[in-house]
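Next come the chains, spelled out residue by residue.
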Amino acid sequence: MSHPPGKAPTGRELAILSLTALGVVYGDIGTSPLYALKECFDGPFSVPLTPENVLGVLSLVFWSLNFVVSYKYVVHMLRADNRGEGGILALMALAGSKATGRGGAALLAIGLFGSALLYGDGVITPAISVLGAVEGLAHAEPGLKPWVMWISIAIIVALFSMQKRGTTAVGSIFGPVTMIWFVCITLLGLGGIAGNPAVLKAMSPWHAVEFFGRHGIAGLVVLGSVVLVVTGGEALYADMGHFGKRPIRVAWFGMVLPALVLNYFGQGALLLRDPAALENPFYSLVPDWALYPMVLIATGAAITASQALISGAFSLTQQAVQLGYSPRVTIIHTSKKQHGQIYIPEVNQGLAVACVALVLGFQSAANLAGAYGVAVTGTMTVTTVIFAFVARTRWEWPWWKVLLTTAPLLAVDVAFAGANLLKITHGGWFPLAVAGLVFTLMSTWKRGRALVSRKLSDGTLPIGLFLQDLERRSPPRVSGTAVFMTSDSSGAPPVLLHHLKHNKVLHDRVVLLTIQTLEIPTVEDDQKVEVHSLGQGFHTVMARYGFMETPEVQEILDLMKARGLELRTVETSFYLGRETVLATGKEKLARWRKKLFIVMARNARPATAYFGLPANRVVELGAQIQL
């Protein structure tokens with residue numbers, strides 16, 4: 001279920017939303033105990049396993065969870081909502097109207113790269129979570145170790161194959177499965193702490209200070225592994241619109257934070273008693289009789305975490321399409337009742353192939369941990385920068401308040417990001433490569449569409465002049481209605497001019513339909529459509545949608561009827577322009593980017609299908625545009 005913005009849930013509604021948020025919001029960060037602490041002592045960015053280091057690392061884990069997640073995301077970032085919606089693209093849209101000039105363009109470019117990094121995170125999360133869970137089989141029965149990779153691949157393939165059915169049905173079990181997971185890791189942590197309660201001393205920040213005092217700058221390297229415990233912070237912020245702030249905060253402080261802290265401290269206590277448990281400290285906490293059930297529970301939690309990231313990639317792509325950073329793709333709404341339940345085949349296939357390739361290439365959660373964290377810390381840093389900009393320009397905070405709030409956040413983000421740069425040669429190049437590819441595609445599409453729109457605008461005729469010329473010429477009119485889709489309702493679009501030039505007739509009624517995407521998540525139905533009569537049978541229709549919505553022409557027609565302009569589909573023809581873009585022009589865009597834009601344009605989903613137009617009522621008129 002989703003929660004309407006502006007109304008704080010209470011009672012039963014709050015309990016249900018908090019439970020559901022456990023699975024969708026906290027699945028990623030909740031499965032980090034499977035591999036995070038192990039990497040701090042047994043990986044390329046680890047420190048020796050000594051009692052002092054165990055307490056120091058646990059102190060870093062404890063304060064990272066509280067500072068990065070509790071303070072930054074739960075306290076501050078949840079305040080930066082765009083009409084109830086969160087996430088880096090929603091934050092960019094919030095900053096968009098204030099980001100002007102070269103500085104604003106640079107800020108939006110940084111934000112776009114931060115959003116591109118999330119795709120790298122979305123690829124790694126299913127692979128590392130499922131591998132980390134299934135590796136429990138090898139702990140229970142060493143002979144099963146060669147099968148871990150293939151079982152993980154089978155689970156991942158099955159997970160992506162199920163996406164076309166939608167997450168509505170599966171989503172109903174996300175919360176309960178993840179709740180069972182958090183209860184289990186809490187009990188395991190308590191059992192570990194009971195064997196060595198002295199480990200609780202690590203809650204003192206002094207142990208973290210002493211850790212850096214002993215290791216100096218070299219101690220910063222371990223932050224590349226410690227960051228694995230906070231990898232779900234961005235998901236927490238991005239999913240704000242589905243549940244609201246209060247359920248997310250209740251779930252975090254009421255269950256997630258205590259469960260994570262207890263489990264990490266339980267693993268630390270076990271390592272202090274038995275250093276041999278470092279082979280797999282999480283599953284070493286599990287009694288022998290419970291190993292196989294725990295593997296099943298962990299796998300369920302890993303699937304839940306993966307599902308949340310996959311759904312997040314779908315939502316991010318939908319926002320990118322609406323905000324003009326991506327060509328049209330196939331967006332299938334899988335639920336008529338729940339907002340935001342969508343499936344995008346192109347994204348699903350790309351993620352599936354990349355996840356399977358990662359498992360085949362890295363083969364273990366430990367190897368993948370070297371690649372994990374680079375994308376997360378990059379996005380965390382970008383989010384803080386844009387938050388500071390929004391606080392200063394949109395909320396009009398004084399400079400001292402902006403610096404006092406964001407400088408400590410940025411210092412921690414940069415420390416984590418710097419430590420993770422060392423991971424580039426250990427697999428960290430992969431999420432950066434994914435992000436670089438996505439950023440190149442998004443920025444090329446945005447720039448290319450801007451150039452095409454400018455070319456089309458040059459070919460328009462002010463609507464007033466057109467109507468004057470029309471009254472003078474009086475071309476023949478035929479019965480029916482013609483709808484011309486245009487990006488600029490103030491002028492007669494080229495497709496209308498071409499139609500009149502070649503066919504020398506017009507319909508009795510002509511509608512100039514403009515679909516505009518606003519920098520807000522959703523638009524209320526009573527504000528979606530404006531209808532204006534221009535005389536001589538001409539009307540302009542402005543349809544406004546939020547970046548979390550997909551325009552539907554049939555919905556627009558229904559809203560037009562409520563405003564006095566009724567169109568019968570069987571008597572209406574829809575005219576679209578189909579531009580053939582050539583890379584032979586003199587526009588200031590690299591030739592390779594022109595060619596890339598042309599390829600993307602050719603593979604974009606046709607407007608007929610994307611906007612839900614009746615295929616047998618569509619007429620397309622072509623034009624050549626040189627970039």
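For the structure itself, consult the block above.
Since we're looking at a predicted model, the values are computed, not measured.

Asks: Explain the side chain of threonine 384 residue by residue, including any values.
Replies: Position of threonine 384 among the secondary structure elements: in helix 17 (residues 374-393). Exposure remark for threonine 384: the relative accessible area of 2% places this residue in the buried category. Residues in contact with threonine 384, not counting those within four places in the same chain, are Lys72, Thr406, Leu409, Leu410 and Asp413.

Asks: Provide a residue-level description of the pairing of strand 8 (residues 538-545), including the pertinent values.
Replies: With respect to burial, strand 8 is a largely interior element, 8 of its 8 residues being buried. Burial of strand 8 is two-sided: the residues Phe538, Thr540, Met542 and Arg544 facing one way and the residues His539, Val541, Ala543 and Tyr545 facing the other way are all buried. Where strand 6 (residues 506-517) lies against strand 8, 8 bridges are found, and the strand directions are parallel. Paired with leucine 512 across the strands is threonine 540, a residue of strand 8.

Asks: Before we move on, could you go through the environment of phenylalanine 282 and cite the residues and values that matter?
Replies: With respect to the secondary-structure elements, phenylalanine 282 resides in helix 13 (residues 281-284). A relative accessible area of 1% places phenylalanine 282 in the buried class. Along the primary structure phenylalanine 282 and glutamate 346 are separated by 64 residues, whereas in three dimensions their C-alpha atoms are 36 Å apart. The contact partners of phenylalanine 282, leaving out residues within four places of it in the chain, are Pro33, Leu34, Trp181, Ile185, Leu188, Asn263, Gln267 and Met294.

Asks: Give me the sheet that holds strand 6: which residues, what numbers.
Replies: What the 6 strands build is an open sheet, ordered 7-8-6-4-9-10; its pairing is mixed. A single partner strand is all that each edge strand has here, and the edge strands are strand 7 (529-535) and strand 10 (618-626). Each neighbouring strand pair of the sheet contributes to a mean axis angle of 25 degrees, computed without reference to strand direction. Direction of pairing for strand 4 (residues 477-485) relative to strand 6: parallel, over a ladder of 7 bridges. Opposite valine 483, over in strand 6, you have valine 511 as the bridge partner.

Asks: Give me the pattern of salt bridges: which residues, what numbers.
Replies: If you walk through the whole model with that rule in mind, you get 14 salt bridges. Here aspartate 413 ties to lysine 72 by a salt bridge, and the two come within 2.9 Å at their closest N and O atoms. With aspartate 413 in helix 18 (residues 399-421) and lysine 72 in helix 3 (residues 51-76), the pair connects residues that are 341 residues apart, well separated along the chain. Among the residues examined, aspartate 413 registers a relative accessible area of 1% and is labelled buried. Taking relative accessible area as the criterion, lysine 72 reaches 1% and is therefore assigned buried.

Asks: Outline the packing of helix 4 (residues 88-96) against helix 17, listing residues and values.
Replies: At a closest axis distance of 10 Å, the pairing of helix 4 and helix 17 adopts a crossing angle of 25 degrees. One finds that helix 4 runs roughly parallel with respect to helix 17. The element helix 4 and its partner helix 17 pack so that their crossing is left-handed. Facing helix 4, whose interface residues are Ile88, Leu91, Met92, Leu94 and Ala95, helix 17 presents Thr379, Val382, Thr383, Ile386, Phe387, Phe389 and Val390. Partitioning the contact of helix 4 with helix 17 into residue classes produces 10 nonpolar, 2 polar and no charged.

Cut-offs and rules
Residues numbered from 1 in each chain as written. Predicted model: local features only at pLDDT ≥ 70, side-chain atom pairs only at ≥ 80, totals over all residues. Heavy atoms only, no water. Helix = DSSP H or I, 4+ residues; strand = E, 2+ residues; numbered from the N terminus. Buried < 20%, exposed > 50% of the residue type's maximum accessible area, 1.4 Å probe, protein only. Contact = heavy atoms within 4.5 Å. Pairing = 2+ DSSP bridges. Axes fitted to C-alpha atoms, helices over the stretch in contact; angles between N-to-C directions. Salt bridge = Lys/Arg side-chain N within 4 Å of Asp/Glu carboxyl O. Parallel < 35°, antiparallel > 145°, perpendicular 65-115°, else oblique. Left-handed = near helix turned anticlockwise from the far one by under 90°. Nonpolar A, V, L, I, M, F, W, Y, C, P; charged D, E, K, R; others polar.

Geometric descriptors of this kind do not, in isolation, establish any biological role.
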